[in-house]
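Okay, here's what each chain looks like letter by letter:
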Amino acid sequence: MSSRASTVTAPPQAASSQALPRRLYGSSVGKKVVMAVTGAILVLYLIAHMIGNLKIFLGRTEFDHYAHWLRTMGEPALPHRVVLTIIEVVLTVAVILHMWSAVSLARRARRARPVRYAARPTTQEHRYATHVMRYGGIVILLFVIWHLLDLTFGAVNPKGGGAEPYDKVVADFAPSHWYITLFYVVAVILVGLHLRHGLWSAFQTLGWGRQNRYRGLRLLADTVAAVLVLGFVSVPVFVTIGVVS
């Protein structure tokens, strides 16, 4: 019997079902949906993270207890730090998919219009959103890397990696380190602008941005972004001015 005769081919239905996820993600709509879903995951994380950060205003004991609890979630049913590791893996995958989808969509848009317009027809709002999402995303990525090296691993923190979380925060944003506070504030504002536009884009991608809901969804995006910015910025600012010490 020849090898050609013995070759088994998959049924058309099976091949089609296997290729469906790839076709969906390969489309512009699929990439936008991925960006919307991963963006929602990141927004939920930011809300939870902000609430945890605000515990610093309850004092050293409460804040350090919260930081310790993050590493012991699920014990004794699960080993030490397993839940936190799972959350970190999910966030990492979400960030990678979010960024890859954004880059893919930008490249596809450039290929669809290889010749620049002589007079750019884009509105000022569109140009503003493009710059915020593109360059703001780069700054945010650098900020996240610094934030991990600083407060998570302690590699660049004045107190080092072995200090208590409360001490790390206070040392990081001490009055003499005002430039770190300034960098943090600017980065968080960029996060807010990125989030504001991203939420609105997600509403449109998911089909929620209808005319009768326009004002309400705009207000929701503005409110969520403003609350997160104020919540995150309050910690370094109040440490720098001496309210938290």
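Described below are features of the structure shown in this document. (Residues numbered from 1 in each chain as written. Predicted model: local features only at pLDDT ≥ 70, side-chain atom pairs only at ≥ 80, totals over all residues. Heavy atoms only, no water.)

## Details of the packing of aromatic side chains
For step 1, the next point in the chain: Enumeration according to the criterion identifies 9 aromatic pairs in this entry.
For step 2, the next point in the chain: Ring geometry for Phe 143 against Tyr 184: centres 5.3 Å apart, planes inclined by 75°, an arrangement best described as edge-to-face. Of this pair, Phe 143 sits in helix H6 (residues 124-152) while Tyr 184 is found in helix H8 (residues 178-205), placing the two residues 41 residues apart along the sequence. Grouping residues by exposure puts Phe 143 and Tyr 184 together as buried.
For step 3, the next point in the chain: An angle of 80° between the planes, with centres 5.9 Å apart, marks the rings of Trp 178 and Tyr 179 as edge-to-face.
For step 4, the next point in the chain: According to the relative accessible area criterion, Trp 178 is exposed, its value standing at 53%.
For step 5, the next point in the chain: The class of Tyr 179 is partly exposed, set by a relative accessible area of 45%.
For step 6, the next point in the chain: In this structure an aromatic cluster arises from ring pairing among Phe 143, Trp 146, Phe 173, Phe 183 and Tyr 184. (Phe/Tyr/Trp six-rings, centres within 6.5 Å; stacked < 30°, edge-to-face > 60°. Helix = DSSP H or I, 4+ residues; strand = E, 2+ residues; numbered from the N terminus. Buried < 20%, exposed > 50% of the residue type's maximum accessible area, 1.4 Å probe, protein only.)

## Here's the deal with the environment of Val 93
For step 1, the next point in the chain: With respect to the helices, strands and loops of the structure, Val 93 is situated in helix H5 (residues 82-112).
For step 2, the next point in the chain: Take Val 93: its relative accessible area is 42%, and that puts it in the partly exposed class.
For step 3, the next point in the chain: C-alpha separation for the pair Val 93 and Thr 38, spaced 55 residues apart in sequence, amounts to 8.6 Å.

## As for the side chain of Asp 172
For step 1, the next point in the chain: Summarising the element assignment, Asp 172 is placed in helix H7 (residues 165-172).
For step 2, the next point in the chain: Within the buried core, Asp 172 has no salt-bridge partner, and the shortest N-O distance to an opposite charge, that of Lys 168, equals 9.7 Å.
For step 3, the next point in the chain: What Asp 172 contacts, discounting residues up to four positions off in sequence, is Trp 146, Asp 150, Leu 151, Asn 157, Pro 158, His 177 and Ile 180. (Lys, Arg positive; Asp, Glu negative; His and termini not counted. Salt bridge = Lys/Arg side-chain N within 4 Å of Asp/Glu carboxyl O. Contact = heavy atoms within 4.5 Å.)

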